Structure formats: C-alpha cells, structure tokens
Amino acid sequence: LFVADRERNAVLAYDQFGTFVRQIPTPSLPTLQAVSVRGGTLWMVCAGRIVVWNPRTESTTEHEVKVDAPLVDAAWQDGTLFLLTERQLLSREAG
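All values reported here derive from a predicted model rather than from experimental measurement.

Caption draft 1: Quick look at the sheet that holds strand E6 (residues 49–54). Pairing within the open sheet is antiparallel, and its four strands lie in the order E4-E5-E6-E7. Of all the strands in the sheet, the pair left with one neighbour each is strand E4 (34–38) and strand E7 (59–64). Here the strands of the sheet are splayed against their neighbours by 20° on average, with no regard to which way each runs. In this sheet, E7 lies alongside E6 in antiparallel orientation, the contact comprising six bridges. Within the sheet, the bridge partner assigned to Arg49 lies in E7 and is Glu64.

Set out below in structure tokens:
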C-alpha cells in the first residue's frame, strides 16, 4: 500500500497489515495529488507532472504534463492515458 503524505511531502509504503515499511525516495513533491501502481511502477501525480518510480532500479522519471489546470489524478486504460483536472477529464493516446 502506498500513501501520499502531503504533510511530509513524501510517499510512504506499508505492508498488507498496515505496518510502515519505508519512505519511497522521490524528488520534491510539493503538489502531490495521487498515487497509483501501473505495471510494477509507482505513479505519483503532481499538479503539472507525473513522476514514475521504478522499484527495481530505485530511480524516478519525470513527465511534464501540459494541461490548462492542475492535475488531480491520472490513469492508464487500454493504451489511453486519462488525465483528470478539477473540471475536465482528458485523454491522450499512447504513442
């Protein structure tokens, strides 16, 4: 289980029993909105970017997202990236 902790500006990992495991090493995430897991990687959605953490390499990759309003969440479904802002649900085809 991954938890976005805005107070600590961090993402925390817990096991299935709710026991704290570790803090995920990330760049600064002052606008962290949501976290999700996709294909074994952790996605951290921030206002204008998505940060992807790979647990095998302990590295992050940042992807700038240009939309008219800050992101609230993001999700992949069947090759489409869905981007949620406070007022819109946008989609972008993979490629």
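There's plenty left to go through after this.
Caption draft 2: Focus on the side chain of Asp5. Within the fold, Asp5 resides in strand E1 (residues 2–5). Residue classification places Asp5 among the buried residues on the basis of a relative accessible area of 18%. Engagement of the side chain of Asp5 in a polar contact is seen with the backbone nitrogen of Arg8, the distance being 3.1 Å. Setting aside residues up to four positions removed in sequence, Asp5 forms contacts with Ala10, Leu12 and Leu32.

Caption draft 3: Inspection of the sheet that holds strand E9 (residues 80–85) at higher detail. The three strands are arranged E8-E9-E10 in an open sheet whose pairing can be described as antiparallel. Here the strands that pair on one side only, and so sit at the sheet edges, are strand E8 (71–77) and strand E10 (89–93). The mean inter-strand angle of the sheet, taken between neighbouring strand axes irrespective of direction, is 20°.

Caption draft 4: Region of interest: the environment of Gln77. When you line up the elements, Gln77 lands in strand E8. Separated by 16 residues in sequence, Gln77 and Glu93 have C-alpha atoms that sit 9.8 Å apart.

Caption draft 5: Quick peek at the pairing of E10. In this sheet, E10 lies alongside E9 in antiparallel orientation, the contact comprising five bridges. Bridge pairing in E10 places Phe82 opposite Ser91. Between E9 and the antiparallel strand that follows it, E10, lie three residues.

Parameters and conventions
Residues numbered from 1 in each chain as written. Predicted model: local features only at pLDDT ≥ 70, side-chain atom pairs only at ≥ 80, totals over all residues. Heavy atoms only, no water. Pairing = 2+ DSSP bridges. Helix = DSSP H or I, 4+ residues; strand = E, 2+ residues; numbered from the N terminus. Axes fitted to C-alpha atoms, helices over the stretch in contact; angles between N-to-C directions. Buried < 20%, exposed > 50% of the residue type's maximum accessible area, 1.4 Å probe, protein only. Polar contact = N/O pair within 3.5 Å; in protein donor to acceptor, adjacent residues only side chain to side chain. Contact = heavy atoms within 4.5 Å.

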